[in-house]
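Each chain, letter by letter, is given below.
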Amino acid sequence: PVRIESFIHSLAQYISMTVVVLGADALDPDLVDTGEHPHLTLDAHRSIETIVSSSGGPSTHELWPTIITGLPPMKHGLVLDDGITWENPIIAAASSFADYILPDRLQTRLGGWLLTNTEADAFRTPASYYADNGIETVFDGSKATAIGIPNYVVDPDTEDREHQLRRHMGDLFERDSEAKGGHRSTDPVAFYEQCLEMAMIRIARVRRALRERKYELVFGYTSGLDLIGHVSHSQPELQQRAYDELNEFVGELRSDLNEDDEFIVVSDHGLQDGLHTDEAMIAATDPTLVNQVSSVLDVRAAIEDELRTSNHAPTSKREQTTVDDSEDVRQQLEDLGYM
């Protein structure tokens, strides 16, 4: 009987509805097509406003904290300094030196060199930063998992394959303030393959979290489109091919959704001709949610509203439903002779 009760409890935990969010860095509303990219545009999609950083363009470093908090960069505090973030200890030390010795332009070039030639990572602010500073996020108050969100690192001592690949790109992806798009690559085609591998890995992790059926919110992120876009300005067919392949990967994830699940795809900005654009994008299986979002500042509230109104909580939180389901399972087990 004890094992049967445990089985019933486990089954009740498993049966749940989930909101799945895929953050696709640099997914551009002008480059998607409902006919060619049905899994990137879903049942409804639209362009949304983003926020331009002090460096002169939308910044990944600032925008994903904005998306998960609903706060502009100056309020959540994770901002760029002339295009380079100095939170990483290695870069912070260089910044202290640079403030006294170097002009602003050379500081930016120094920061870019450090990010290219060391293991420094600009997007590794720990998740504890938010609680420590009294900042609420979309992950608070629900059973949620965050997979690879820039500047929301759940365990700073671990990294997945996307992190590893991003940190060891070498001359496939080098920062160069003089180059178009701010980056250059010795082999864009080889770099493309590496970026698609990164996207596949992150989407696979989101699929695994969804299939576990123990989360109300699964929020994952991949940077593949952004990276490819920065170096493919001279080979635009690579960027288009990346959209086509990402659509297929996301379609596989979408096939794992249950009828009651909701799926959202969101970006922080667009990217055309090697440069960030001032439009982001949102798509969802719930058109009502899309209508709620006009800016990256609205994304958190829309997700939380979806969690509330659609009752995506695991069934263990819906006590009466759990009791009823448990009794149904108990009766079936009795009919089968197991109880």
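Bear in mind that the values here come from a model prediction, so they are computed numbers and not experimental data. (Residues numbered from 1 in each chain as written. Predicted model: local features only at pLDDT ≥ 70, side-chain atom pairs only at ≥ 80, totals over all residues. Heavy atoms only, no water.)

**Digging into a negative patch on the surface**
On the surface, a cluster of negative charge is made up of Asp33, Glu36, Asp244 and Glu248. Taking relative accessible area as the criterion, Asp244 reaches 31% and is therefore assigned partly exposed. (Patch = residues over 30% accessible without salt bridge, like charges linked within 9 Å, V, L, I, M, F, W, Y side chains within 5 Å. Areas by Shrake-Rupley, 256 points an atom, 1.4 Å probe, with all protein chains shown as cover. Salt bridge = Lys/Arg side-chain N within 4 Å of Asp/Glu carboxyl O. Lys, Arg positive; Asp, Glu negative; His and termini not counted. Charge placed at Lys NZ, Arg CZ, Asp CG, Glu CD. Buried < 20%, exposed > 50% of the residue type's maximum accessible area, 1.4 Å probe, protein only.)

**Overview of the packing of aromatic side chains**
Counted by the stated rule, this structure contains five aromatic pairs. Measuring from centroid to centroid gives 5.2 Å for Trp64 and Tyr221, while their planes differ by 75 degrees, and the two rings are edge-to-face. Separated by 157 residues along the polypeptide, Trp64 in helix α3 (residues 60-69) and Tyr221 in strand β6 (residues 217-222) bring together distant segments of the chain. As far as the burial class goes, Trp64 and Tyr221 line up, both buried. Aromatic rings pair up to connect Tyr129, Tyr130, Phe139, Tyr152 and Phe219 into one cluster. (Phe/Tyr/Trp six-rings, centres within 6.5 Å; stacked < 30°, edge-to-face > 60°. Helix = DSSP H or I, 4+ residues; strand = E, 2+ residues; numbered from the N terminus.)

**Here's the deal with helix α11 (residues 236-254)**
Helical geometry note: an α-helix holds 3.6 residues per turn, so side chains three or four residues apart project in the same direction. Taking 1.5 Å as the rise per residue, α11 with 19 residues should run 27 Å; its terminal C-alpha atoms sit 27 Å apart, in good agreement. Of all the positions in α11, only Leu238, Gln239, Ala242, Tyr243, Leu246, Asn247, Phe249, Val250, Gly251 and Leu253 are classed as buried. Packing partners of the buried residues in α11 comprise β1 (19-24), α2 (38-41), α9 (188-212), α10 (224-231), β7 (262-266) and β8 (270-272). (Expected span 1.5 Å × (residues − 1). Contact = heavy atoms within 4.5 Å.)

**A word on the pattern of salt bridges**
By the definition in use, this model includes eleven salt bridges. In this structure, Arg207 and Glu252 form a salt bridge, with 3.8 Å as the shortest nitrogen-oxygen distance. Of this pair, Arg207 sits in helix α9 while Glu252 sits in helix α11, placing them 45 residues apart in sequence. Of the residues examined, Glu252 reaches a relative accessible area of 42% and is grouped as partly exposed. Among the salt bridges present, the one from Asp261 reaches Arg213, with a minimum N-O distance of 2.6 Å. Taken together, the positions of Asp261 in the loop between α11 and β7 and Arg213 in the loop between α9 and β6 put the pair 48 residues apart, joining distant regions of the chain. The pair formed by Asp261 and Arg213 is uniform in burial state, with each residue classed as buried. Beyond isolated ion pairs, a larger network of salt bridges with shared partners links Arg207, Arg211, Glu252 and Asp256.

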